[in-house]
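Structural overview
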Amino acid sequence: MAHATVEPAAPPPQTRPPSGLAGVVGLGVAVAVMVAASLTALTDARPVTSLGLPDPGVLTNVGLPAVRAGTEALMVLTIGALLLAAFLVSPQRAGYLDVGGYRALRAASWTAAGWAAGSILLIPLNVADALGRPVGDVLDPGLLIDLIPRLSAATAWSLTALVALLVLVGCRTVLTWGWSAVLFGLALLGPLPVALTGHSAGGGAHDIASDSLVLHVLAASLWVGGLVALLGIATTRGPDRSSALATAVPRFSRLALACWLVLAVTGVVNALVRIPLTALIGSEYGALVMAKVAALIVLGALGAAHRRSSVGPASQGDTRALLRLGGVEVLLMLATIGLAVALGRSAPPDTGGVPSRTEAVIGYDLSGPPTLAGLAFDWRFDLVFGTAAIVLAIAYLLGVRRLRRRGDAWATGRTLAWLVGCLALLVATSSGIGRYAPAMFSVHMGQHMILGMLVPILLVLGGPVTLALRVLPPSGRAGPPGPREWLLAAVHSPIARWLTHPLVALALFVGSYYVLYFSGLFPAALPQHWAHKLMNLHFLLVGALFFWPIVGIDPAPRRLPPPARMGLVFASVPFHAFFGVAVMSANTALGGEYYQSLALPWVPDPLHDQHLGGGLAWAAGEVPLLLVVIALLVQWSRQDERSARRDDRRADADGDSDLEAYNAMLRRLATNGPPLVAQSDESGYGSGHTEDVARTTPTPPHDPSDGDSSAVSTAQRHDQSTVDGLRGTRNDRPLVARRDPDRDVE
């Protein structure tokens, strides 16, 4: 995080958005509310109607989508304002937010307040909708406290309200750039609880539907909110306006294009898994999908017009085209939010298919017991981790290509380690291993070992941070901080330094096994698709934090000496081995009820499958540790070689004065006499040479006629025969041989 060393600048007098932009945004939020309420009323959409519950009344049926549309609009505005404060405008050199960032942070506090209020209001509305009772009947606090944990929608909005309140408090207390970036990351968590508990989270293919919806919502939040925040800069007046536009407009233009592509792909994927193409025509759900597709196409065309006509002029300070197109785009975007809310309230058309028990629980069917061929070739692509593996591999190769085009070298071994790590991530999550992991404990444990140990080791050996720092251009003293500076700030932040502390990293790496599996967390997480994603992410992050300071190529906040690294590795071995033994010897199956509910014919005894998984954890977990030991030994050896080459180069530069001084000390100790140091090259001795001349050569009397002859040392006046005799003695031979640099091997 950025740390400030001086007092922050005085807050600007203008902390709210200008009235013109506020009017456009207010109109857009009103349009979103009206679209959601009217479409819900026209289609009479209510997801729980099929359950036979009574009608809760017009207030709940229409008010719930209306409040949700307004709340989600305020949510994306908050995310956009924090995006602007953290990454689209430059902070002060001391680390405090500049005028533009401070203004965005204060605007985010207002929208976060509305986001929190709407989320709190949606809790009783969702309870009333789920029970089929008027909202006035469920406002009793005791009843709400009892029902909220039992209803997924109410729980999701409770978590969202908590995130919004934390963001609100942060926006009112934070003044530095580093904490604004933390608030931005926290705000991105806000849409996730609701996205993971909608109708996409149930029924067949809900794994793909949930993943695509999460990516869809995050991309929409960044795009819509970021555009409104950018228009906020364009409508302000102040000395910082031109510099802020020059930085923010090009950055957001690139981000907007990426968001539109993500929206297009995930929208198509989510629609295809919810409704067949033949049902798009003739159904209300299909009509809403087509309307959303049309809105996305129009927004893409407006974005292309922006890139062609407004990005360049706006970067130079001419914002007329940006404001003209941006105002229309904001209204259409917010109206699309209302359309999306109405779509979420509508149930997909019934295709007549009844999902099997396994498909209803994990999202897809399993064809049979896992064989080696099935684990290798029975793939189901993971939209989150599979996409991440491909993107990381491509980005790394592009970075290596840029280095080599400018003539810089990059070790092939690092590239190979990174690509193999990305391949291992792809295989662990998208192959048959990822397909069977939610249904069988043994396969889950194998996936755990790959994600928690093998993949992090390979990725940290690839040195991605070092590669990025060499590829990304520095912003310079006068330029705004960019990706390179953000990366450096993250690596050297107090959080990174704390997480990479040896004791903390060791506790997270080995302690998380016991906390997850030997508590109630694992059985509670098994039925939830999002929990499986969170576990996979946890394994990756904890493994990377542990192995980064041990075998990582990248600069770590804490540099450990090789013996400490080796000791840290061996300290984790007994904990890991004991975990595998404990799982193998357990008498009760972990998550046994969940595995029995799947009723897989090839897993008649979940406890036996658990014992197999414990054996895999005990045996397979030692292989990555062996790779770590080998990597440590190789790095240790290369470090010694590099140190020796540095010493040789220094010796060649200064005549090996350190070695000669050391030999002189040893000769003095061997002869028990004081050393005499030659003061001139005339004596024929090298630098640092000493002789016991006082005992072998008499000192001639001083002759005043010699003038300056008294300034000449005795060692410079002894005869050549004495010199030759001393050179032939054993005392004059070096006691430490000089290293020949030509014999060193790189």
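I will try to describe carefully the structure that is included in this document. (Residues numbered from 1 in each chain as written. Predicted model: local features only at pLDDT ≥ 70, side-chain atom pairs only at ≥ 80, totals over all residues. Heavy atoms only, no water.)

A word on the overall build of the chain
The condition is simple: Secondary structure is summarised from DSSP: a helix means a run of H or I of at least four residues, a strand means a run of E of at least two, and numbering begins at the N terminus for each. Using a 1.4 Å probe on the protein chains alone, a residue whose accessible area is under 20% of its type maximum counts as buried, one over 50% counts as exposed, and one in between counts as partly exposed. Note on definitions: a residue-residue contact is assigned when non-hydrogen atoms from the two residues lie within 4.5 Å.
What the chain contains, in helices and strands, is 29 helices and 0 strands. With 746 residues in all, the chain has 47% of them scored as buried. Put simply, of all contacts in the chain between residues at least 6 apart along the chain, 78% involve residues at least 24 apart.

Some details on the environment of V341
Note that V341 resides in helix α11 (residues 320–345). In contact with V341, not counting residues within four places along its chain, are A36, P65, R68, A69 and E72.

Here's the deal with helix α3 (residues 99–131)
Heads up, the rule is: Expected helix span is taken as 1.5 Å per residue step, with the number of steps being one fewer than the number of residues.
Here α3 contains 33 residues, and its C-alpha end-to-end distance of 49 Å stays within 8% of the 48 Å for a straight helix at 1.5 Å per residue. The buried fraction of α3 is high, at 24 of 33 residues. Positive backbone phi, at 70°, marks G132, one or two positions downstream of α3.

Some words on the nonpolar core
Definition in use: Nonpolar cores are built from buried Ala, Val, Leu, Ile, Met, Phe, Trp, Tyr and Cys residues. Side-chain atoms within 4.5 Å join them into one set.
If you look at the biggest cluster of nonpolar residues, it comprises 79 residues, and the most contacted ones within it are Y517, F522 and V551. Membership of the second largest hydrophobic core comes to 65 residues, among which are W115, A164, I233 and A314.

Focus on the pattern of salt bridges
When their charged atoms lie close together, side chains carrying opposite charge are able to pair. Condition: By definition here, a salt bridge exists when the distance from a side-chain nitrogen of Lys or Arg to a carboxyl oxygen of Asp or Glu is within 4 Å.
If you walk through the whole model with that rule in mind, you get 8 salt bridges. A salt bridge links D207 to R380; the nearest nitrogen and oxygen atoms lie 2.8 Å apart. Pair noted here: D207 is in helix α8 (residues 206–234) and R380 is in the loop between α13 (372–377) and α14 (385–405), with a separation of 173 residues, a long-range link. With respect to class, D207 is no different from R380; both count as buried. Among the salt bridges present, the one from K533 reaches D382, with a minimum N-O distance of 2.3 Å.

A word on unusual backbone geometry
Residues other than glycine predominantly adopt negative phi, and peptide bonds predominantly adopt the trans conformation. In this structure, A599 takes a positive phi of about 55° despite not being glycine. Tracing the backbone through its elements, the reader meets A599 in the loop between α25 (592–598) and α26 (606–620). Exposure remark for A599: the relative accessible area of 53% places this residue in the exposed category.

What about the environment of T155?
Keep this limit in mind: Whenever two N or O atoms come within 3.5 Å, that pair is a polar contact, provided that in protein one can donate a hydrogen and the other can accept it, and provided that, for residues adjacent in sequence, both atoms are side-chain atoms.
Along the polypeptide, T155 turns up in helix α5 (residues 152–173). We classify T155 as partly exposed; its relative accessible area is 29%. The spacing of T155 and V127 is 28 residues in sequence and 9.7 Å in space, taken between C-alpha atoms. If sequence neighbours within four positions are ignored, T155 has contacts with I148 and P149. Within polar-contact distance, the side chain of T155 engages the backbone oxygen of L151 at 2.9 Å.

A few points about the packing of aromatic side chains
Operational definition: Any Phe, Tyr or Trp ring, taking Trp's six-membered ring, that has another such ring centre within 6.5 Å forms a pair; planes under 30 degrees apart are called stacked, those over 60 apart edge-to-face, and the others tilted.
Counted according to the given criterion, the structure contains 19 aromatic pairs. A ring pair is formed by F87 and W177, whose centres lie 6.5 Å apart and whose planes are at 90°; its orientation type is edge-to-face. Linking F87 in helix α2 (residues 58–88) with W177 in helix α6 (residues 177–188), this pair joins segments that are 90 residues apart in sequence. Classification of W177 by relative accessible area gives buried; the value is 9%.

Brief notes about the side chain of T429
One can find T429 in helix α15 (residues 412–430). Among the polar contacts made by the side chain of T429, one reaches the main-chain carbonyl oxygen of L425 at a distance of 2.8 Å. Once residues lying within four places of it in the same chain are set aside, the contact partners of T429 are R380, D382, F385, G386, G434, Q447 and L451.

Topic: α2
Definition in use: A residue's bend is simply the angle between two axes: one fitted to the seven residues ending at it, one to the seven starting at it.
Given a rise of 1.5 Å per residue, 31 residues ought to cover 45 Å, and the 43 Å separating the end C-alpha atoms of α2 matches this to within 8%. Along its length, α2 reaches its greatest deviation from straightness, about 25°, at L64, and the proline P65 lies no more than four positions downstream. Buried residues dominate α2, accounting for 24 of its 31 residues.

Let's talk about the packing of α15 against helix α17 (residues 441–461)
In plain terms, the rule: Every axis corresponds to a line fitted to the C-alpha atoms, with the helix fit spanning only the stretch in contact, and the corresponding angles, defined between N-to-C directions, vary from 0 to 180 degrees. Roughly parallel means an angle under 35 degrees; roughly antiparallel means over 145; roughly perpendicular covers 65 to 115; every other angle is labelled oblique. Definitions for this section: a left-handed crossing has its near helix turned counterclockwise from the far helix by less than a right angle. A right-handed crossing has that turn clockwise. Ten residues, namely Ala, Val, Leu, Ile, Met, Phe, Trp, Tyr, Cys and Pro, are considered nonpolar, four, namely Asp, Glu, Lys and Arg, are considered charged, and the remaining ones, Gly among them, are considered polar.
Two numbers describe how α15 lies on α17: the axes approach to 7 Å, and their chain directions differ by 160°. If you check the angle between α15 and α17, you find them roughly antiparallel. Considering how the two elements wind past one another, α15 and α17 form a crossing that is left-handed. Contact residues: R414, A417, W418, V420, G421, C422, A424, L425, A428 and T429 in α15; Q447, I450, L451, V455, L458, L459 and L461 in α17. In terms of residue class, the contact of α15 with α17 is made up of 13 nonpolar, 3 polar and 1 charged.

Looking at the side chain of R380
A polar contact is formed between the side chain of R380 and the side chain of D207, at a distance of 2.8 Å. Other than its neighbours up to four places away in sequence, R380 contacts A205, D207, I208, G363, Y364, T429, S430 and R435.

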